[in-house]
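Each chain, letter by letter, is given below.
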Amino acid sequence: MPNNSLPSDMNDLSIFLAVFEENSFRAAARRLGLSPSTVSERISALELSLGAPLLIRTTRSVMPTEAGRALASRIFPLLSEMRAALNDVASSQQHVRGALKLNVTGAVMTDILPPLLDSFLTRYPQVRVEIVVEDRLVDAIAAGCDAGIRYGEHLAKDTIAVPVGPRSQRLALAAAPSYLERRGCPLAPRELLDHDCIRLKYSSGALVTWEFECEGEKLIVDPPGRLTIGVNGVSAAIDLARHGKGIIATFENWLQPCFQNGDLQPVLPEWWSTFEGPWLYFSSRFTSAPLRAFIDFLAEQR
């Protein structure tokens, strides 16, 4: 007969939810910092406790059963509320304390988020911050984080968003003086098709779009990459551009130091496109004390 009592270890539910979200025991194990065998054992124990299979395991995939899908949809808001409640208990009216977990795009980790975190941690010494950096388009709240930082076109639905850092940024193009002396400087975006270009690629496999705008005209150019590098290796990509290996397109603020010291020169600056800066997004249902403090802190910085 099924055991109708609650599981003795509520952590098993968190492990199950991680496997459900990742569709993989190994990916869930990496996310939780556990071994795959431990994750498998805890899921089996949970299924035994409930008396019902939750996941269908094959050599290639993990799929939820109907019972597993129903359980995941009900426990997610409960576990989110529990995390928020524990953080609130850890906080007092005089001192904000507890954990703040953020899922952020790597684009904000170079020069936008670090100085903000430095000031925030100085103000709230009893707050612990965990940063999960990934360029995949994930729902940070569903991934077990308090909030996420993404750009506007990638915000999760049904969330509240507040601005972080600069309200506008630009996609800038640059090349080393040695490259421009050797190959010449393009005079229009389409001429980039005949140049050595350094392209950046997301982990999904999609290339960072080279989008241009000038006097109301907008266009996208997709030059073949002489070099293609994952977005997490952007610093290496900029170094390769500095050494004359091609034209790179990335955030203007990342290139400014190279413009100032002469290592790189702007390319087609009249065509650089402007886009909205990043946003912190979160659910209105569960806002822990550390997250509320961070939201208020961001408002002060603005």
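Whatever comes next refers back to the structure up there.
Note that this is a predicted model, so its numbers are computed, not measured. (Residues numbered from 1 in each chain as written. Predicted model: local features only at pLDDT ≥ 70, side-chain atom pairs only at ≥ 80, totals over all residues. Heavy atoms only, no water.)

Can you lay out the nonpolar core for me, pointing to particular residues and giving the numbers?
Grouped together as the largest cluster of nonpolar side chains are 62 residues, with contacts concentrated most on Leu173, Leu264, Leu280 and Phe294. Looking at which element gives the most residues to this core, the answer is helix H9 (residues 289-301), with six residues. Once residues lying within four places of it in the same chain are set aside, the contact partners of leucine 280 are Leu102, Ala147, Gly148, Ile149, Ile160, Ala161, Val162, Val164, Leu291, Phe294, Ile295 and Leu298. One finds Ile15, Val39, Leu55 and Cys145 within the second-largest nonpolar core, a separate group that totals 23 residues. (Core = buried A, V, L, I, M, F, W, Y, C linked by side-chain atoms within 4.5 Å. Buried < 20%, exposed > 50% of the residue type's maximum accessible area, 1.4 Å probe, protein only. Helix = DSSP H or I, 4+ residues; strand = E, 2+ residues; numbered from the N terminus. Contact = heavy atoms within 4.5 Å.)

Account for the side chain of glutamate 252, naming residues and giving values.
Considering the arrangement of structural elements, one finds glutamate 252 in helix H8 (residues 252-261). Setting aside anything within four residues of it in sequence, one finds glutamate 252 in contact with Arg170, Ala172 and Trp272.

Can you tell me about empty space enclosed by the protein, naming the residues and giving the values?
Where empty space is left in the structure can be found by rolling a water-sized probe over the atoms. Using the criterion set out here, one finds one cavity of 30 Å³ or more in the structure. Estimated volume of the largest cavity: approximately 120 Å³. Lining of the largest cavity is provided by Ser80, Arg83, Ala84, Ile141, Cys145, Asp146, Ser283, Phe286, Thr287, Ser288 and Leu291. Residue contributions to the lining of the largest cavity peak at three residues, all from helix H4 (residues 66-89). Considered class by class, the residues forming the lining of the largest cavity number five nonpolar, four polar and two charged. (1 Å grid on protein atoms, 1.4 Å probe; cavity = no way out; pocket = protein on both sides within 12 Å on 5 of 7 lines; lining within 4 Å. Points joined across faces, edges and corners; volume = space filled by probe spheres on them. Nonpolar A, V, L, I, M, F, W, Y, C, P; charged D, E, K, R; others polar.)

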